[in-house]
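For reference, the chains in residue letters:
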Amino acid sequence: MRATTPRRWRSGTEPATARSDLKLRLLLSLTFTPFFALCTVGFAVFAARARPGGEPTRDTLIGFAIACGALTLFALVDLWIVLRRRQTEL
């Protein structure tokens with residue numbers, strides 16, 4: 001019987017019930033969601049107007065648009081989670 005052995009060893013001095021700063025996460029999500037959305041649209045328009053054989057290539061611009069779209073989605077999901085947690089905790 002190992003009743004005193006924890007399931008996972010903690011490293012460092014963090015408290016057992018550490019929580020993230022919801023105000024900071026809210027501020028970052030509100031800041032970067034529109035930024036990444038505008039970058040997505042900008043790279044998509046830039047890719048649509050790119051000439052064949054031009055620099056940067058159309059595929060590169062499409063890749064940047066997809067990456068910015070993924071970051072937009074990530075920021076939106078984080079914003080939704082933060083708002084939901086603020087409703088239940090505060």
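Structural data are supplied above this passage.
Residues numbered from 1 in each chain as written. Predicted model: local features only at pLDDT ≥ 70, side-chain atom pairs only at ≥ 80, totals over all residues. Heavy atoms only, no water.

Participant: Describe the environment of T72, and please don't skip the residues or the numbers.
Facilitator: Checked against the element boundaries, T72 lands in helix 2 (residues 58-89). Ignoring sequence-local partners within four residues, the contact set of T72 consists of T33, F36, A37 and T40. A distance of 2.8 Å separates a polar atom in the side chain of T72 from the backbone oxygen of C68. (Helix = DSSP H or I, 4+ residues; strand = E, 2+ residues; numbered from the N terminus. Contact = heavy atoms within 4.5 Å. Polar contact = N/O pair within 3.5 Å; in protein donor to acceptor, adjacent residues only side chain to side chain.)

Participant: Break down the environment of F46 for me, with residues and values.
Facilitator: Its location among the elements puts F46 in helix 1 (residues 22-48). A residue is classified by how much of its surface remains accessible, and F46, at 44% relative accessible area, is partly exposed. F46 sits 19 residues away from A65 along the chain, and the two C-alpha atoms are 9.4 Å apart. Setting aside residues no more than four positions away along its own chain, F46 makes contact with P56 and L61. (Buried < 20%, exposed > 50% of the residue type's maximum accessible area, 1.4 Å probe, protein only.)

Participant: Account for helix 2, naming residues and giving values.
Facilitator: For helix 2, with 32 residues, the first-to-last C-alpha span of 46 Å sits near the 46 Å given by 1.5 Å per residue. Summarising the contacts, the buried residues of helix 2 are in contact with helix 1. (Expected span 1.5 Å × (residues − 1).)

Participant: With reference to specific residues and values, describe the packing of aromatic side chains.
Facilitator: What the rule picks out here adds up to four aromatic pairs. Among the aromatic residues, those joined into a cluster by ring pairs are F32, F35 and F36. (Phe/Tyr/Trp six-rings, centres within 6.5 Å; stacked < 30°, edge-to-face > 60°.)

Participant: A description of a nonpolar patch on the surface should follow, citing residues and the corresponding values.
Facilitator: Residues L24, L27, L28, F32 and F35 make up a contiguous nonpolar surface patch of roughly 460 Å² in combined accessible area. Inspection of the secondary structure puts L24 in helix 1. A relative accessible area of 43% means that L24 is categorised as partly exposed. (Patch = residues over 30% accessible without salt bridge, like charges linked within 9 Å, V, L, I, M, F, W, Y side chains within 5 Å. Areas by Shrake-Rupley, 256 points an atom, 1.4 Å probe, with all protein chains shown as cover. Salt bridge = Lys/Arg side-chain N within 4 Å of Asp/Glu carboxyl O.)

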